Each structure stands twice: as structure tokens, then as C-alpha cells.
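Observations on the model geometry
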Amino acid sequence: MIAFAAQRLDRDDEVNRADLAALTLAAAVAATGVIAWLRRSFAVSPLRAANLDAARQILAEQVEQQWKTESRLRLLGDPEPMPITWQLTTKAAEMSQPHLITTEDLAFSARADDIVDLTRQFRALKHRRLIITGGGGTGKTTLAVQLLLELLAVRTTEQTMAHGGEIIPVPVLLPISGWDCRAYPHLHDWLAVRLAQDYPALTRPEFGQSAAATLAYGGHILPILDGLDELSDQNRVKVIKALNISLTAHDPVILTCRTSEFTEAITQTGRPINGAAVIIPATLTTADAARYLTACLPGDLPEAWRKVLAALTEGIVPGLAQLASAPLGLWLIRAVYIDTASDPTSLAGPLGRDAVALRIHLLDRLIPALTKTRLASMNPAEHFRPRRSRDAVATRRYLAYLASHFHPAATRDITWWHIPNTVPHLRIAAGITAGLLTGLVFGLGATLAFGLITSLAAGLVGGFVGGLTAAGSWVDEAPGHAPLRPCGRTTLFFQSIRSNLSFGLAFALATGLVFGPGGGVAFGLEITFMAGLVFGLVEWAEQSTHPPIRTPRSGRQAERILTLFLALLAGIAVGIVVGLGGVFMMGLGNLLTFGLAIGLAVGLAGGLGVGLGGGFWGRLGGGLGGGNHHAWLACTLAVARLVLTRRLPLRIMNFLDDAHRLGLLRAVGPVYQFRHADLHDHLAKKDAHRPSQ
């Protein structure tokens, strides 16, 4: 087609030459899109059942590594676990008939500081289904983490002794707030997606594309679903109904939820979660609370603490007793007064008599206390220390912004790729930025061919218009997760290149014949060869042989590297196609003057600009791998705007990582959450409308 057009046009006419160049570029992109569509159509995802044990073991190792680190940050064993007693709820309507829960007498009573016994009682349940309920700050998530680590330890022992192919599931903790029952009606549908997202090691090539789904649907996972109360009333009912539909006789589950929200959801649903025991925490006695605080203090108790502990046990300070009856209160007292070596005398005075005032007092002083006591350290073994010293005032301002814009009524998840949604009019700003970037580089690249003024004007106008449409979706894009690591991936690299080149060359002959004889055939071969090479590089880039656990920090770093790599790849690919296309159209005699110099300049500059700014990959319908890859660009642009108003720091991921190390945030897979919902609520309520300082 292009060869036919070239024969009909006057090559000395600059207008016809420009039209033919545009036609060539359009044909190249169209051919690339066709190949992308065909590759998706013929793609296969063989189930590699032989590697199922390896996938399960890798998942168990990564889950254990993840939550051991998190437990150290939470100081769960320092100096000892809190002595919380867990027992069956007295509300029989919240549970199934006893014979559906256990084959023995229905009883459940255990202490969190004896997690071995508690785990034994859980495993004795008929279907191993447990609902952990309680008020805010009563240790529901902490107990879930303790259970997870002990179940992993038990699983390791049982795996060694197992015979006959018995399936011993891997416990995986996930925030249930991410489950959209409309998109994923069954638990296992959502579980398969989350496993692949949070643990990308399951997407290794040798496991095939179905490892996560095989684990989810095959009974290899014990899902620990945290935070049912974080959903809306309507969605809580939907989740409970979905669980009852999804759970078979062999599906275990652990769920956490605040007591009042769970009771209301069960009432609205009209039936409990089938076969699940429901437990609640017993209120910590003043003696238990005093004993725990004493364990956190030096052996020779200071006189001020003797008076406070005596007032606590004698019931003189009811506000302090009420606050110390839950794990959150004990942690706040320890962090604010014990760890900072502050004078606790006020706790035995009027402040200790008012539980509400005392709670606000402690939450207000938590950030200064943690930034004071957890000094910066670069020692990788000191997980509980930030990498950099943090100012308490700035830290509070940044966290207050995140708390109020990731509002508790909507979500508890703080995701870096959703930060752009907190900035007004960012879609327009992203469109302008993408348009100017694309138009500028494309205009400069075309200067030698069409003149400076004409090229810049056309490039900027076209890029601006295209940017508004292409970049407007930046704020909605989720990040990729595959790190670009050549080490240990040489075999995968050559396999990807070889398979894609084979496909490209097989399709090249037919494409070249369509373009016409002679130069048309060569040009067709060039397009498909380059497309096969590009597809191979992208496929290699978006896979990893053994990636680490997906954390917020590693996810953003991988997305940044992948974005820049794909943009550069776009520029090189388009540059070569257009450059050599010019050679075929203008003849070998003009190779250096137009075909190579101008073609490569226009193609490289335009391809790089479009790839980075305008969504080149996404415009091919996702045929080049994992999507548009603009989450990092959108977040960078949003943070730059927020830095100007002192809402967030420039190095946002360093700050979030340090807030995690300070104990203010917790990490659950690729997202952060405030360590306690009460802290999230406190900052969101108190600072939602505070102006920047």
C-alpha cells in the first residue's frame, strides 16, 4: 500500500513527501497494533502443576518474612505479648449451630500471650473458621498477626510430616477493604488477583500465569481478612453473603471486625458466617494492665510510677483504668510516657480521671514521642528506627493531610498511586504536561524536515490536544510491579526475544507483501522485526524470576524504572521504523540527508515523548504488557504540587517508610494504613480543615 502510494506521488514535492511520511508512521503503528492483538489472541497460559509445591513454599517464605518484620516494628514481643484473654461471644445469634463449628463441646478461651494454645484451639475447629471481634484498639489485628506467624510455624512442622499429598494451607493476611464484591463475587476470585498483585513471585514464568489462581481455588490458602468494619454497612452485608456462597466444607478463614459493626451486619444479613466461631476480648483488669506497664519499666520503679500504678489498681483514676483496659491504651501510655522517660504524675491527677481527655492527650503527643525516642539509624537490622530524623510538627502535618484525604469513611488504605486524586484539577495539569512534553520533543525532532516554527507550532498544538485525552487517565492508573533486574534473568531475556522475533518474522512476510514489492517488502519486514523485538523486551521487562514481596516502596521504584525503560524503548523503536522508512521512500541516495538523519530524529524524539508523556503503550490496547505505566508520573506531578503548599514532602516514599518505621503506619502488601484506626480518625477529624503552616 505504501509502496503503491510512493509510486504515485512526486518525490520532489515536499507536501507529498510529508504526507507519505505521515502515512508511513501510521502504517507502522497500525501494524504494531495488529501484531499486539494477534499475540494476545494466540497467547496461552499453561498450568504448571508440577511447580505448585514450589509456588506454595515461596509464598509461605515471603509471608513469613513480611509479617516477622511487621511484628518487630509493632514490638509485639517487647517485653512480652499483652495478656489479653479471648473467649466465645455470648451472642449465640452471631454463630452457627455448635455442631457446625466443632465436633466437641463448643468452648474457646485462650490468652494472646499463649499463642500456641490459642492456635491449637483454632485448629481444633471443624472448618477452622474464626471471627475476631472487639472494640477499637482491642488487639484484633495484632492477634491475627500472631496467629499467622504461629500457623506458619505449625505448617512448617506439619509439611515435613505430611503424607499422601495433604494440603496444608498458607495463611495470608489481606485488608478486606479491597474486596469489591461486584467485580469479584466469590472470595477466591478476589484472592487470586490479590495474591498475584501482592506476591509477584507467583507470576514467575515457570509457574505459568495461573499459579495464584490455582493456589486460591485449590484450598492452598488460609485467608486472614482484616478490617470488615472498614467497609460501608451495605458492603459488609455483601461480603458476608459472598463468604457464605464462596466457602466450601474445606475452606478455612479468619476475619476481624469491630463488635458493633459485626453484630449489625449479621442482623442485616439474617444469618451468620457458616461454621465460624466468634470470639471477643475480655476487658483487661487493672492488675493485668499494671503488671504489663511494670514489665516495661526498670526493675527499680521510679516513685512517680509507683504512685500512678497504685492509683490505677486502687481505682482512683477511672479514666486511666478505662484507657488501660485495651491494648491501644497501654501502647499509648508506654510510647508517650515510659519510652520518653516523661514524668507520669499527671496520669494520677485530674487528667487520669477523664478517659476522653486522656485519650486525646496521648494521641496528640504520640508523634512527638515517637520522633523523639526512635532516633534515626541506617542499620538494616533496626527496623523500628527511621532512616532520617523527622521533625514532629512536619510529620504531623503530612500525616494529617493523608488522613483527611484518604478519609476513614472511604478507605483505610494509603496508596501512593492515589495521591494524585487528592490534588484538584490534576487531570488538566497532567494533560498539559504530557501535551507540552510530547509536542516539544516531537516538534524539535521534526525541525530539520519542516522548519523550526512550523514544527514547534504543530507539535505543541497536537501534543496539547492529545495530552488532554491521553494523560487525563493518569490519576486512575495502577502501578506495575515487575522490577527491571537483569541479574539472574539472562535465560528469560533470550527466551522472550526469541519467541517474539519468531512470531514477528512469521507475520513479517505477509505484512511485507501487503506493502508491496521491493522496498515495501523490506519495510514490512522491518516493522514486524522491530515489533517482535520490542514485544520481547517488554515481555522480559514485565516479568521477574523471583521478585521480592511487593511493598509500597519497591512498587513505586519498579514503576519508575519500568516507565522510563518503556518510554526509551518507544523512542528507539519508532525512531528506527520512521528513519528506515524514510530511506525506502527517498531512495538510498538520500540516506544521510533525509532517510536517516530526519527520520531518526523525528522518530526518536516523537517516540520518546509520546512514550513518556502521552501513553504510547496504552494506545495499543495494552498489547505491550502491563498497561500505561503513568502512576509514577502522576504521583510525581501531584507531590510536586503538594510540596509547594507544604502538604507533603518531596521524597514521599522516604517519608512513608520512616513513618512506618516509627510505628505510625503499618504496611499491608503494597499499601500503607495507620497503625491504629483511632489515630487515623483522630488526625482526620482534627486536621481535615487546618490550613498549611
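Here the structure is a predicted model, which is why all the values come from computation and not from measurement.

For the rest of this paragraph, the subject is the overall build of the protein. When helices and strands are counted, the protein shows 26 helices and nine strands. Considering only contacts within the protein whose residues lie at least 6 apart along the sequence, 78% involve residues at least 24 apart.

Quick look at the sheet that holds strand 4 (residues 170-175) now. In space, the seven strands of this open sheet follow the order 2-1-7-3-6-5-4, with mixed pairing throughout. For this open sheet the edge positions go to strand 2 (109-111) and strand 4, each flanked by a neighbour on one side alone. Neighbour-to-neighbour, the strand axes of this sheet turn through a mean angle of 20 degrees, independent of strand direction. Direction of pairing for strand 4 relative to strand 5 (residues 221-226): parallel, over a ladder of six bridges. Paired with Leu173 across the bridge in strand 5 is Ile224.

So, on to the pairing of strand 1 (residues 85-88). In terms of strand pairing, strand 1 meets strand 2 through three bridges, oriented antiparallel. Looking at the pairing, Gln87 lines up with Ser109 of strand 2. With three bridges connecting them, strand 1 and strand 7 (residues 277-281) associate as antiparallel partners. Within the sheet, the bridge partner assigned to Gln87 lies in strand 7 and is Ile280.

This paragraph deals with the pattern of salt bridges. Pairs may arise between side chains of opposite charge once their charged atoms sit close together. For the structure on display, the rule yields 19 salt bridges. Connected through salt bridges with shared partners, the residues Asp229, Arg258, Arg359 and Asp678 form a single ionic network.

Turning our eyes to something else, we now look at the side chain of Ser377. Mapping Ser377 onto the fold places it in the loop between helix 15 (355-373) and helix 16 (392-405). Within the structure, Ser377 has its side chain in polar contact with the backbone nitrogen of Asn379 (distance 3.1 Å). Setting aside chain neighbours within four positions, we find Ser377 in contact with Glu382, Arg385, Pro386 and Arg387.

This paragraph deals with the confidence of the model for the protein. Looking at the protein as a whole, its pLDDT mean stands at 77, while 64% of the residues score no less than 70. Of the regions scoring below 50 in pLDDT, residues 614-627 engages in 42 contacts with residues more than four places distant in sequence or in other chains.

This part takes up the packing of helix 16 against helix 25 (residues 652-662). The contact between helix 16 and helix 25 brings their axes to 12 Å, and the two run at 100 degrees. Compared by their axis directions, helix 16 and helix 25 come out roughly perpendicular. Residues Thr395, Tyr398, Leu399 and Leu402 of helix 16 pack against Phe655, Leu656 and Ala659 of helix 25. Grouping the amino acids of the contact of helix 16 with helix 25 by side-chain chemistry returns six nonpolar, one polar and no charged.

A few words on helix 7 (residues 187-198). Under the 1.5 Å per step criterion, the end-to-end length of helix 7 is 16 Å for twelve residues, consistent within 8% with the ideal 16 Å. Buried within helix 7 we find Leu187, His188, Asp189, Trp190, Leu191, Ala192, Arg194, Leu195 and Asp198. Packed against the buried residues of helix 7 are helix 3 (52-73), strand 4, helix 8 (211-217), strand 5 and helix 9 (233-246).

Further remarks concern the packing of helix 14 (residues 327-338) against helix 15. The packing of two helices is summarised by the inter-axis angle and the distance between the axes. At their nearest, the axes of helix 14 and helix 15 sit 9 Å apart, and the two run at 50 degrees to each other. With respect to each other, helix 14 and helix 15 are oriented oblique. Between helix 14 and helix 15 lies a crossing of left-handed hand. Across from Trp331, Leu332, Ile333, Ala335, Val336 and Tyr337 in helix 14, the residues of helix 15 making contact are His361, Leu362, Leu363, Arg365, Leu366, Ala369 and Leu370. A breakdown of the residues in the contact of helix 14 with helix 15 according to their chemical character gives eleven nonpolar, one polar and one charged.

Our next topic: the environment of Tyr401. Along the polypeptide, Tyr401 turns up in helix 16. In contact with Tyr401, other than residues within four places in its own chain, are Thr422, Val423, Leu642, Arg647 and Leu648. Of note is the side chain of Tyr401, whose polar atom sits 2.8 Å from the side chain of Thr422.

One turn of the α-helix equals 3.6 residues, which is why residues spaced by three or four share an orientation. For helix 10 (residues 259-269), every residue scored as buried is listed here: Phe262, Ala265, Ile266 and Thr269. Looking straight down helix 10, one finds its buried side chains confined to an arc of 100 degrees; they lie on one side. In helix 10, the exposed residues that point more than 90 degrees away from the buried face are Ser260 and Thr267. Residues of helix 10 that are buried in the fold lie against strand 3 (129-134), helix 9, strand 6 (253-258) and strand 7. Positive phi shows up at Gly270, right after helix 10, with a value of about 90 degrees.

Further remarks concern the packing of aromatic side chains. Taken as a whole, this structure holds three aromatic pairs when the rule is applied. Each ring, one from Trp179 and one from Trp190, has its centre 5.7 Å from the other, and the planes form 10 degrees; the classification is stacked. Taken together, the positions of Trp179 in the loop between strand 4 and helix 7 and Trp190 in helix 7 put the pair eleven residues apart, joining distant regions of the chain. On the basis of relative accessible area, Trp179 is assigned to the buried category, the value being 4%. Summarising the aromatic geometry, the rings of Trp416 and Trp417 are spaced 5.6 Å apart at their centres and angled 85 degrees between planes, so their arrangement reads as edge-to-face. Assigned by exposure class, Trp416 and Trp417 land together as buried. Directly above the aromatic system of Trp416 lies the positively charged group of Arg556, at a separation of 5.9 Å from the ring centroid. Note that Arg675 overlies the ring of Trp331, its terminal NZ or CZ placed 4.2 Å from the centroid.

Our next topic: unusual backbone geometry. At Ala341, a residue that is not glycine, the phi angle is positive and equals roughly 55 degrees. By the secondary structure assignment, Ala341 is in the loop between helix 14 and helix 15. With a phi close to 60 degrees, Arg646 is a non-glycine residue in the positive phi region. Residue class for Arg646 comes out partly exposed when judged on its relative accessible area of 41%.

Another point: the pairing of strand 8 (residues 665-668). Along strand 8, one buried face is formed by Leu665 and Ala667 and the opposite face, lined by Arg666 and Val668, is buried too. Note: strand 8 against strand 9 (residues 671-674), four bridges, orientation antiparallel. By the bridge assignment, Ala667 is partnered in strand 9 with Tyr672. Adjacent in sequence and paired antiparallel, strand 8 and strand 9 are bridged by two residues, among which Gly669 carries a positive phi angle near 65 degrees.

What counts, and where the lines are drawn
- Residues numbered from 1 in each chain as written.
- Predicted model: local features only at pLDDT ≥ 70, side-chain atom pairs only at ≥ 80, totals over all residues.
- Heavy atoms only, no water.
- Helix = DSSP H or I, 4+ residues; strand = E, 2+ residues; numbered from the N terminus.
- Contact = heavy atoms within 4.5 Å.
- Pairing = 2+ DSSP bridges.
- Axes fitted to C-alpha atoms, helices over the stretch in contact; angles between N-to-C directions.
- Salt bridge = Lys/Arg side-chain N within 4 Å of Asp/Glu carboxyl O.
- Polar contact = N/O pair within 3.5 Å; in protein donor to acceptor, adjacent residues only side chain to side chain.
- pLDDT = per-residue confidence, 0-100.
- Parallel < 35°, antiparallel > 145°, perpendicular 65-115°, else oblique.
- Nonpolar A, V, L, I, M, F, W, Y, C, P; charged D, E, K, R; others polar.
- Expected span 1.5 Å × (residues − 1).
- Buried < 20%, exposed > 50% of the residue type's maximum accessible area, 1.4 Å probe, protein only.
- Left-handed = near helix turned anticlockwise from the far one by under 90°.
- Arc of directions from axis to C-beta.
- Phe/Tyr/Trp six-rings, centres within 6.5 Å; stacked < 30°, edge-to-face > 60°.
- Lys NZ or Arg CZ within 6 Å of the ring centre and 35° of its normal.

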